[in-house]
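Coordinates in review
Chain by chain, the residues:
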Amino acid sequence: QPSNSNITIVATKQDKLRYVGTIHVISEPSLNVTEMSLNDANGNNQLDYGEQSSFNFTIKNTGDQASSQATATLTTDTPQYVTINQSTASIPALSPNQTTNLENVFDITVADNVPNGTQLQFNLTMVSGNHNWRHNFSLTAYAPVFKISDGITIHDEGTYKGNGNGRLDPGE
C-alpha cells in the first residue's frame, strides 16, 4: 500500500450490521530494540553496587522506509543510584528490516549505596530527523545485605584473651 493513502476495512457477520472503516497508511522507518545485553566489570551479567558497566543493543528498522543516521540517548529515572558517564551513541542509517549492533555503549556506574534489589529504570531514546522512538527497560541492582541476628553472644574467655565477662572491652 503506498504511503499517505487509505485502506477501507469492511467487517460483516450474519445477522449483524456491516462495519465500514478507513485506516490511513503512513509509511516511515521504525527503530526497535530487538536484543540487549550487559557488559559488567566482573562478568556475572548483573549490575552490582559500585560497578561500572556498558550495554550491547541490537537495533532493527521494522518500518517500511529507510531511516537516516540516528542518535541514541540513554537516561535514567533513578539517578540517585546510577550515573550515566557516556549517554549517547550513533545508529547508522538502516534499510527496512536491517539490523545493527551497538556494542559497549552507554557507560554507567552503579552507586555504592544502592539498596539490594532496587529496580534501576532506563530510557533509550532514538532520534532521526523528525522521528523519535523510545525503549524503556529496567535492571535489578545487587548489593550486600547485612543482618544482625537477635542473639549475639560474645565469647571473650580462653584462647580469645578476654576476661570472660561477655562484653567486648578495649584490648580484647
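Read on for a plain summary of the structure. (Residues numbered from 1 in each chain as written. Predicted model: local features only at pLDDT ≥ 70, side-chain atom pairs only at ≥ 80, totals over all residues. Heavy atoms only, no water.)

**Looking at the overall build of the chain**
Keep this limit in mind: A helix here means a DSSP run of H or I that spans at least four residues, while a strand means a run of E at least two residues long, and both kinds are numbered starting from the N terminus. Relative accessibility decides the category of a residue: with a 1.4 Å probe and only protein chains considered, values under 20% of the type maximum give buried, values over 50% give exposed, and everything between is partly exposed. Here, residues are in contact when the closest pair of their heavy atoms is within 4.5 Å. Surface exposure here means Shrake-Rupley accessible area, sampled with a 1.4 Å probe, where a residue is shielded only by the protein chains that are shown. Note that His is not counted, nor are the chain ends; the positive residues are Lys and Arg, and the negative ones are Asp and Glu. In plain terms, the charge of a residue is placed at NZ if it is Lys, CZ if Arg, CG if Asp and CD if Glu.
Scanning the chain for helices and strands turns up zero helices and eleven strands. Going from the N terminus to the C terminus, the chain shows its helices and strands as β-β-β-β-β-β-β-β-β-β-β. Along the first, second and third principal axes, the C-alpha atoms of the chain reach 90 × 50 × 25 Å. Every one of the 172 residues in the chain was classed for burial, and the buried ones make up 30%. Partitioning the contacts of the chain with sequence separation of at least 6, the portion at a separation of at least 24 is 58%. Carbon together with sulfur atoms contributes 46% to the accessible area of the chain, which is approximately 11100 Å² in total. Each charge class in the chain was averaged separately, 8 positive and 16 negative side chains, and the resulting centres sit 17 Å apart.

**Concerning the sheet that holds strand β4 (residues 47–48)**
Operational definition: One requirement defines pairing of two strands: DSSP has to find at least two bridges between them.
Taking strand neighbours across the sheet as the criterion, the five strands line up as β4-β11-β10-β6-β8 in an open arrangement whose pairing is mixed. Looking at strand neighbours, the two that pair on one side only are β4 and β8 (88–91), the edges of this open sheet.

**Things to note about the sheet that holds strand β5 (residues 52–61)**
What counts is decided by this rule: An axis is simply a line fitted to the C-alpha atoms; with a helix, the fit covers only the stretch in contact. Between two such axes, the angle follows the N-to-C directions and lies from 0 to 180 degrees.
Judged by pairing direction, the sheet is antiparallel, and its four strands sit side by side in the order β3-β5-β9-β7 without closing on themselves. Edge positions in the sheet fall to β3 (31–40) and β7 (82–84), since each of these pairs with one other strand and no more. Ignoring which end each strand starts from, the neighbouring axes of this sheet average 35° apart. Sheet topology places β5 next to strand β9 (residues 99–110); seven bridges connect them, and they run antiparallel. For T58, the partnering residue across the bridge sits in β9 and is N101.

**Comments concerning the packing of aromatic side chains**
What counts, and what does not: When the centres of two rings from Phe, Tyr and Trp lie within 6.5 Å, Trp using its six-membered ring, the rings pair. Their planes under 30 degrees apart give stacked, over 60 give edge-to-face, and anything left gives tilted.
This model, assessed by the stated rule, comprises six aromatic pairs. Centroid distance F57 to F106: 5.9 Å. Interplanar angle 75°. Geometry classified as edge-to-face. Residue F57 is found in strand β5, and its partner F106 is found in strand β9; the two are separated by 49 residues along the sequence. What makes F106 buried here is its relative accessible area of 1%. With a centroid separation of 5.9 Å and 65° between ring planes, the pair formed by F57 and F137 is classed as edge-to-face.

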